[in-house]
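Chain by chain, the residues run as shown.
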Amino acid sequence: MSFARRTTASTTALLALAALAACSGNPADPSQDPGEGGAAGNELTVVTHDSFALPDELKAQFEETTGYDVTYVAPGDGGALVNQLILTKDSPLGDVVFGVDNTFAGRAVEEGVFAPYESPALPESAAQYAIESLTPVDMGDVCINADTQWFEEAGIEVPATLDDLTDPAHKDLLVVSHPASSSPGLAFLAATVGAEGDAWPEYWDALVANGVKVVSGWSDAYYTEFSGADGEGPYPLVLSYATSPAFTLTEDGSASTTEALLETCFRQVEYAGVIEGAENEPGAREFIDFLLSPEVQASIPENMYMYPVDDEVELPADWASFAPLSSDPIDVPADEIAANRDQWIADWTARVIG
Amino acid sequence: MVAGVIPAAFLAVFFFWPAGALVLKGFVVDGVPTLEGFQRVFSAPRTWRILGFTLGMAGLATVVCVLLGIPGAHLLYRRRFPGRAVVRALVVVPFVLPTVVVGVAFGSLFDTGGPFGPLGLDDHWIAILLAMVFFNYSVIVRTVGTMWRRLDPRLAEAAHTLGASPLRGFLTVVLPALGPAIAAGASLTFLFCASSFGIVMVLGGVRYSTIETEIWFQTTQLLDLPAAAALSITQLLVVTLLLVATNALQRRTTHARRLHTDDTGVSAATWRRDWATVVVTATVVLVLLLTPLVNLAVRSLRRDGGWSLHNYAALLTAENPALSVPVSRAVWNSLWIALVAATVALALGVLVSLVASRRPASQRGRRALWAVEGLFLLPLGVSAVTVGFGYLITLNRPPLDLRSSLALIPIAQALVALPLVVRSLLPSLHAIDSRQLEAARTLGANHWRVLATIELPQLAKGLGLAAGFAFATSLGEFGATSFLSRPDDPTLPVVIFRLFGRPGADNYGMALAAATLLAVLTAVVMAAAEGRRPKGVATW
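Residues numbered from 1 in each chain as written. Chains lettered and ligands numbered in written order. Predicted model: local features only at pLDDT ≥ 70, side-chain atom pairs only at ≥ 80, totals over all residues.

- The name that an unreviewed UniProt entry assigns to chain A is Thiamine ABC transporter substrate-binding protein, with the source organism given as Tessaracoccus rhinocerotis.

## Concerning the overall build of chain B
- Counting its regular elements, chain B contains 22 helices and six strands.
- At 24 Å, chain B has a C-alpha radius of gyration in line with the 24 Å of a compact globule built from 540 residues.
- Overall size of chain B, expressed as C-alpha extent along the three principal axes, is 65 × 60 × 50 Å.
- Per-residue burial over chain B gives 55% buried out of 540 residues.
- The contacts of chain B with a sequence gap of at least 6 include a subset with a gap of at least 24, amounting to 84%. (Helix = DSSP H or I, 4+ residues; strand = E, 2+ residues; numbered from the N terminus. Rg over C-alpha atoms; globule rule 2.2 N^0.38 Å. Buried ≥ 20, exposed ≤ 12 C-beta atoms within 10 Å, placed from the backbone. Contact = placed C-beta atoms within 7 Å.)

## Overview of the domain arrangement of chain B
Residue and element names in this part refer to chain B.
- With domains assigned, chain B is organised as domain 1 (35-294) and domain 2 (308-359 + 406-540).
- Counting from both sides, the interface comprises 25 residues of domain 1 and, opposite them, 21 residues of domain 2.
- Listing elements by their share of the side of domain 1 that touches domain 2, those giving two or more residues are helix H4 (84-96), helix H5 (99-107), helix H6 (125-148), helix H8 (166-194) and helix H11 (225-257). (Domains from an automatic or database assignment.)

## What about the domain arrangement of chain A?
Residue and element names in this part refer to chain A.
- Segmentation of chain A into domains returns domain 1 (38-139 + 267-322) and domain 2 (153-266 + 326-353).
- A separation of 27 Å is found between the C-alpha centroids of domain 1 and domain 2.
- Listed per partner, the contact involves 17 residues of domain 1 and 17 residues of domain 2.
- Among the elements of the structure, helix H3 (78-87), helix H4 (105-110), strand S10 (266-275) and helix H11 (317-322) are those that each provide at least two residues to the side of domain 1 that touches domain 2.
- The element contributing the most residues to the side of domain 1 that touches domain 2 is H4, with four residues.
- Looking at the side of domain 1 that touches domain 2 residue by residue, the class counts come to five nonpolar, six polar and six charged. (Nonpolar A, V, L, I, M, F, W, Y, C, P; charged D, E, K, R; others polar.)

## With respect to the pairing of strand S3 (residues 96-101) of chain A
Residues and elements named next belong to chain A.
- In terms of residue burial, S3 counts as a mostly covered element, since six of its six residues are buried.
- As paired elements, strand S1 (residues 43-48) and S3 share three bridges and run parallel to each other. Pairing of Thr48 across the sheet is with Phe98, part of S3.
- Examined bridge by bridge, S3 and S10 share five bridges and lie antiparallel to one another. Across the sheet, the residue bridging to Phe98 is Ala272, located in S10. (Pairing = 2+ DSSP bridges.)

## Some words on the confidence of the model for chain B
- Per-residue confidence for chain B gives a mean pLDDT of 81, with 90% of residues at or over 70.
- The secondary-structure element of chain B with the lowest mean pLDDT is helix H9 (residues 198-203) of chain B, recorded at 72, while helix H3 (residues 45-78) of chain B shows the highest, at 91. (pLDDT = per-residue confidence, 0-100.)

## A closer look at the confidence of the model for chain A
- With 88% of its residues at a pLDDT of 70 or more, chain A has an overall mean of 84.
- In this model residues 1-39 of chain A is a low-confidence stretch, pLDDT under 50, and it forms 57 contacts with partners more than four residues away in sequence or in other chains.

## Overview of unusual backbone geometry
Residue and element names in this part refer to chain A.
- One non-glycine residue with positive phi stands out, namely Ser133, at about 70°.
- Turning to its location among the elements, Ser133 is positioned in the loop between strand S4 (114-115) and strand S5 (135-147).
- Taking the number of C-beta atoms within 10 Å as the measure of exposure, Ser133 has 19 and is therefore partly exposed.
- Even without being a glycine, Asp172 presents a positive backbone phi close to 60°.
- Among the structural elements, Asp172 can be located in the loop between helix H5 (148-154) and strand S6 (174-177).
- Overall, Asp172 belongs to the partly exposed group, with 15 C-beta atoms counted inside 10 Å.

## Considering helix H9 (residues 281-291) of chain A
- Among the residues of H9(A), those classed as buried are Gly283(A), Ala284(A), Arg285(A), Phe287(A), Ile288(A), Phe290(A) and Leu291(A).
- Tucked inside the fold, the buried residues of H9(A) contact S1, helix H2 (56-66), S3, S5, S10 and helix H10 (294-304) of chain A.

This is the structure we're talking about:
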């Protein structure tokens, strides 16, 4: 490159290097720096999804009692999280993961992402949810929610079952989210597969004929389209969670303006696991035990809007009254979901979206 | 030459290597090289539909932007009227707004109950088209306007004297002169529209996919790397072709500018003469640009059916358990990250611009420079997902084990901002008359002195605008940041996204308030930068 004027250029380069050094020297808020001279054995990296939240006191308490410097990373939503774990098997993202749900767990287990660990802290009530190498931490039901008031005013009976949703009396009332881009959407697809078996494609044909609206994510469905939430959209039936009615209470808090249809629910369970190849495997195990401690379990409803797996933990009062879990959720085993998930989504997309 | 090495190394390490590594993974399945992804992707009719939709929408949006943008450019850059500076700044705001905010702002407009509900555009491709125009209108207005302002009015006057009607004068004299600017702006608009992700995700409902959303889906949800790789290569090809075209056209704009006089073509606006452009531009600004923003602000001020500042108060004070950090912390994070990102982008942008503004005598040298400039625009056309996932498999070993480091956020944002910085700075350098440089050298000035007395002062003129763009882009960046941010240290767009993911009036209200806050923050930054735009230099 004969046209480059060397002297000028190299000075500029030096100046820029200095500038770069100046800014890259201080990339992080000092308070974020892991403790000084933290040896590798003292550090713990927790990988979670982007909805992870725990009170600061509990996090600090864990660091104090164990002596670890904990870094939390959240590289995306639940699906992205699992696929990133699979992608980085050779050089793990961290030591322990929290937030793999039962619609994605099967695939990650098959790929050998997790090191086996059975936590002694696992409460008895949670044993039914345990799957190979993974420890259940919290759960929630994905159910159709109804705007009770809307139905009262319209003089239409609130639907109860999945089959009611295809009833012409409920035409153009339901909005759901896309199974490819939203985890409740995938849960609902799994629910229809679990309930209708091989006839699920025909069920969806009927839903489409009955005017179901599909949007890309939970927020669009709940806040923009649903008539019972703050966005006051046009649809009185929405795919959401069993806990959502606890957040739509009347002013005096005596009743909820929405309800969950408990016969339409799919149970999502969120797991924690030790990542295979973890640098700090003991720390990873301690963290999983920590997640199952009564304090953390009790903080889960307020912070992550999920039910604790430990049924002995006291729930917030509103939850107990207005957000019960389904007594009989529609069940689809994790390995069946793992084996068919991509095919279901592809078939669903071809059928419903076209 | 060295000036080019640092930015090139930066780009290589933080862009080409990660993105390349991930794409490469798609061509090797179980250790065997394969083109299976290509065969599978291109034998599916869906792919062709997506490709068609992507290019068709981008093309249509570009045409609409050009048709609406030309009158806007005339009014905002060729006429004077009170409040013009405000309108100019306002027009740019959408361009740097984060898609999370725009999605909300637009989202409810087209609903059955919303203000535009009766139009029946809910989930319609026209809603996506409008959002694309919302984002990119300013690109045409700026590119065309800054050139038009300096267009010699005598040309049109001469045509008029010779008996041409105003329309004919415009079509035969003005339009050809503006041609390069229009074409350059149009290709940029096309590039932005063709790679838009958030708008399509939020407004497209589920019926519509673009290459970008499909890459996201194949990568994050299915981990089908061969398919994602095939799509990425296709996208890269389209983008490269476009950049070649853009660059060539930008050159022509620059050469043409030498003919122009100074601001003599700018005169006061009068209703009798300018009513047509006033009507068109006012409609665009009020209906298309302002309505969504006002809709957002109004909704942030509503609570329980009445007006209230409750949402803002909650944002400032409440310890929201769903966030695990106070929002003020997120604002602080956004600000310092934006500051670092803007500094990095500016430092690199200055170097790239100095190199790219060289005027080699040989044809080959010029070609090489175009290639250099184009190379730094490429990040605009590559999916954030590809880069984000690429980071995971490349920057994973010492000395570059940055995956869990916060430093990656400003670095990724700087990559996104760099093309805009270069675009803002280069025209200042191109505007230096080559005779001035030659004269300086003839008079004995060495390279240092030329740099210190001519080039750097000229560059400084564009620095304010470039800094504004870099800062605002970084403030609103969500795509790459969402893969890199920490749950206990999020940026403002990440917080907004998270709040929208939670039930409850408080979370929803706070999300609206935070989105409004971000829009205002961005607007202030852009207005300040706009005030420092270089006089007499056309930027894109």
